[in-house]
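So you can see what is in the structure, the chains are spelled out below.
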Amino acid sequence: MVNNGGKASSGDIYEEPLSPAALLFQAPNFNCHIIAIMGCKTSINPSVIKEGLQHTLIKHPRFSSKLVVQGRKKKWTRTTVNVENHVIVPELDPKMENPDQFIEDYISYITTNPMDYSKPLWEVHLLNVKTSDAEAVAVFRIHHSIGDGASLISLLLACTRKTSDPEALPTIPVQKRGGSSTATAGWFCWWLLLAIWTAIRLIWNTIADLVTFLATVLFLKDTENPLKGGPGVELVPKRFVYRTIGLDDIKLVKNAMNMTINDVILGLTQAALSRYLHRRYGDKAMQNGGAKRESNNTPPKNLRLRAAILVNLRPTTGIQALADMMAKESKGGWGNWIGYILLPFTIALQNDPLDYIRVAKATIDRRKHSLEAFCTFSTAKFVLYTFGAKVAAAIAHRVLSNTTMAFSNVVGPLEEISFYGHPMAYLAPSVYGHPHALTIHFQSYVNKVTFCVAVDPNVIPDPHLLCKDIEESLKVIKDCVVERGLIEDDAAQV
């Protein structure tokens, strides 16, 4: 996997040791890569893309440094980058019969090819073929040791500009924090009691989550189910299927139920997984000779199904700061600062579709009152520095192997953006190389959300059906909200 003969040449500028987290992602059993699928509204001009990369992305030290191995030491070594070696433009038949299927096959194929360690660990494929939702597609493949997913996607967005204003960077919404309020002395006692109770609850939840996390490292496994991969699943080529749903529909449900977008997305995912698993268990029962017992057609009542969520703990770096970072050829605060959260999913067919959202909100609210992500990050950092990357990778691999899936939701630009003059239709990030047979990523962009489902086809042979379940779940939940009259007149226009 690693270029063992790499040596710094006379053109190299500086050397920097790999961070412990970067070493983790270089471990043989944790060789993770990030995929970013970018649909464009126009055909792609490769020359324009290459020139743009030369003046932006390549100026970032991580994208102009190769990995050099000297004995047991691994270092980032700055080198001269030939953009031609990183931009792949295959000759394609513009009149091919099934372009959507071709894109899926192509992305799956490139994930089977190892990275070339004689150059920086990234590449972009420009596919000038018209699909059902784009005139052309660009596919980025970046080794996870370069940085965490959130930072890398933000860095790519820092290479874009608003379509309406070619000089302006995208606007990314930030979470609003409540302002301070004044309180009388009479209220101070109540505030103090609430603060004490919140602290006790925080400590208790954190201890409970860490005990569960430790148990997962040692012995606690998810129930065997049709979504869970087996040993070696991280080595199997993945298939990436993506669809787009309306952000306005999600906001409508959010406003009607007084919840967050995260609550709604987790709820509709929970609904979709419930639909999918009930179908798979029913199919399995029929293959075994019919439904002899009703229990054969449904998932186990106490099914344990958890998603591993990687939380970026680094203070948010603004798009402007990332653009300045590239302009100054500085890496600033860069690297992998990630902690784990193990999020349980409730698998059940609810009589009330809105219960999926309510259950999801209760689960998320419980996790908000815990320091699990921070503690797992600190523990991983201690293990990395004390015992090395191999031990840390083995622990991370075991945690993920004992859970069922990975899940994330990332906020994107509020207005249409262009990638070096090419208006973007959608952005669908994902990851592969970790021991999960199912990974679901949601990415918002303007007034829509694109979700990407990465699967092991040997475990999940019908990812398109799972995508359809996600689409149908949102429709059912939205229709339920509308039918019950839970929305205000102005909310209906969102």
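The sections below set out a description of the structure shown in this document. Fair warning: this is a prediction, and the values are worked out from it, not measured in the lab.

## Looking at the overall build of the chain
Part 1 of the reasoning: The helix and strand inventory of the chain stands at 13 helices and 16 strands.
Part 2 of the reasoning: Looking at the chain as a whole, 51% of its 494 residues are labelled buried.
Part 3 of the reasoning: In the form shown here, the chain has an accessible surface area of approximately 23300 Å², with 56% of it arising from carbon and sulfur atoms.

## Here we look at the sheet that holds strand S1 (residues 15–17)
Part 1 of the reasoning: Here three strands make up an open sheet; going across it, the order is S1-S4-S3 and the pairing antiparallel. The sheet terminates laterally at S1 and strand S3 (65–70), the two strands that pair on one side only. Geometrically, the sheet is characterised by an average inter-axis angle of 35° between neighbouring strands, direction not taken into account.
Part 2 of the reasoning: Bridge count between S3 and strand S4 (residues 73–78): six bridges; the pairing is antiparallel. When the sheet's bridge partners are listed, Leu 67 is paired in S4 with Trp 76.

## As for the packing of helix H6 (residues 247–257) against helix H12 (residues 463–483)
Part 1 of the reasoning: Here H6 crosses H12 at 45°, and the two axes come no closer than 10 Å. Our classification of the angle between H6 and H12 gives oblique. Considering only the axes of H6 and H12, their crossing is left-handed. Within the contact between the two elements, H6 uses Asp 249, Ile 250, Leu 252, Val 253 and Ala 256 and H12 uses Leu 474, Ile 477, Lys 478, Val 481 and Val 482.
Part 2 of the reasoning: Among the residues forming the contact of H6 with H12, the class breakdown is eight nonpolar, no polar and two charged.

Reading the values: the criteria
For every chain, the first residue of the written sequence is number 1, and numbering continues from 1 along that sequence. Local features in this predicted model are restricted to residues of pLDDT 70 or higher, and side-chain atom pairs are both shown and tallied only at a pLDDT of 80 or more, whereas totals for entire chains, interfaces and linings draw on every residue. Heavy atoms from the whole structure form the basis of all side-chain values; hydrogens and water molecules are not counted. Segments assigned H or I by DSSP are reported as helices when at least four residues long, segments assigned E as strands when at least two residues long, and all are numbered from the N terminus. For each residue, the accessible area found with a 1.4 Å probe, counting protein chains only, is set against the maximum for its type, and the residue is called buried under 20%, exposed over 50%, and partly exposed in between. Here the open area of atoms and residues is found with the Shrake-Rupley method and a 1.4 Å probe, where only the protein chains shown may cover a residue. Between any two strands, at least two bridges found by DSSP are needed for them to pair. Working convention: axes come from line fits to C-alpha atoms, limited for helices to the stretch in contact. Angles between N-to-C directions cover 0 to 180 degrees. Angles are sorted into four bins: roughly parallel if under 35 degrees, roughly antiparallel if over 145, roughly perpendicular if 65 to 115, and oblique for all others. Crossing handedness follows the turn of the near helix against the far one: under a right angle anticlockwise gives a left-handed crossing, and clockwise gives a right-handed one. Any two residues having at least one pair of non-hydrogen atoms within 4.5 Å are treated as being in contact. Amino acid classes used here: Ala, Val, Leu, Ile, Met, Phe, Trp, Tyr, Cys and Pro are nonpolar; Asp, Glu, Lys and Arg are charged; the rest, including Gly, are polar.

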